[in-house]
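Architecture at a glance
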Amino acid sequence: MSWRELFLWLICAAGGFLSGSIMFSRLIPKLLLGKDVCEIGKDRNPGAGNVFVSCGPSWGAFCLTLD
């Protein structure tokens, strides 16, 4: 394994780790649609299920994929 491959692997691992800390199901509806799924949902959960209910199945599937 060359240094370039090792560096690329480390960058991808760090990027995957950091993207796992972002709550896309709360961020995307708020930025793109102007909806706060925590306020809309009955359980106040910022999950993909509330995005499905409040924003539609396409946005819910998009957020579920990113989460």
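Each remark here, short or long, concerns the structure printed above.
A brief report on the enclosed structure follows. Just so it is clear, the structure is predicted and the values come from calculations on it, not from any experiment.

What counts and how
- Residues numbered from 1 in each chain as written.
- Predicted model: local features only at pLDDT ≥ 70, side-chain atom pairs only at ≥ 80, totals over all residues.
- Heavy atoms only, no water.
- Axes fitted to C-alpha atoms, helices over the stretch in contact; angles between N-to-C directions.
- Helix = DSSP H or I, 4+ residues; strand = E, 2+ residues; numbered from the N terminus.
- Parallel < 35°, antiparallel > 145°, perpendicular 65-115°, else oblique.
- Left-handed = near helix turned anticlockwise from the far one by under 90°.
- Contact = heavy atoms within 4.5 Å.
- Nonpolar A, V, L, I, M, F, W, Y, C, P; charged D, E, K, R; others polar.
- Patch = residues over 30% accessible without salt bridge, like charges linked within 9 Å, V, L, I, M, F, W, Y side chains within 5 Å.
- Areas by Shrake-Rupley, 256 points an atom, 1.4 Å probe, with all protein chains shown as cover.
- Salt bridge = Lys/Arg side-chain N within 4 Å of Asp/Glu carboxyl O.
- Buried < 20%, exposed > 50% of the residue type's maximum accessible area, 1.4 Å probe, protein only.
- Core = buried A, V, L, I, M, F, W, Y, C linked by side-chain atoms within 4.5 Å.

The next thing to look at is the packing of helix H2 (residues 24-33) against helix H4 (residues 48-55). Running from N to C, H2 and H4 cross one another at 25°; their axes reach a closest spacing of 9 Å. One element, H2, and the other, H4, form an angle in the roughly parallel class. For the pair H2 and H4, the crossing hand works out as left-handed. Between H2 and H4, the residues in contact are Ser 25, Pro 29 and Leu 33 and Ala 48, Val 51 and Cys 55, respectively.

Take the packing of H2 against helix H5 (residues 57-66) next. Two packed helices can be described by the angle between their axes and the distance between those axes. Where H2 contacts H5, the two axes come as close as 9 Å, and the packing angle between them is 135°. Between H2 and H5, the interaxial angle falls into the category oblique. When you trace H2 past H5, the crossing you get is right-handed. Contacts from Phe 24, Ser 25, Ile 28, Pro 29, Leu 32 and Leu 33 of H2 reach H5 at Trp 59, Phe 62, Cys 63 and Leu 66. When the residues that make up the contact of H2 with H5 are grouped by side-chain class, the tally is nine nonpolar, one polar and no charged.

Among the surface-exposed residues, Met 1, Trp 3, Leu 6, Trp 9 and Leu 10 lie close enough to one another that they form a single nonpolar patch of about 700 Å² accessible area. Inspection of the secondary structure assignment puts Trp 3 in helix H1 (residues 3-19). Trp 3 gets classed as exposed once you look at its relative accessible area, which sits at 75%.

To continue, consider the nonpolar core. Judged by nonpolar contacts, Phe 24, Ile 28, Val 37, Val 51, Cys 55 and Cys 63 together constitute the single largest core of six residues. Mapped onto this core, the elements with two or more residues apiece are H2 and H4. In this structure, Val 51 is in contact with Ser 25, Pro 29, Val 37, Gly 56, Trp 59, Gly 60 and Cys 63, ignoring residues within four places of it in sequence.

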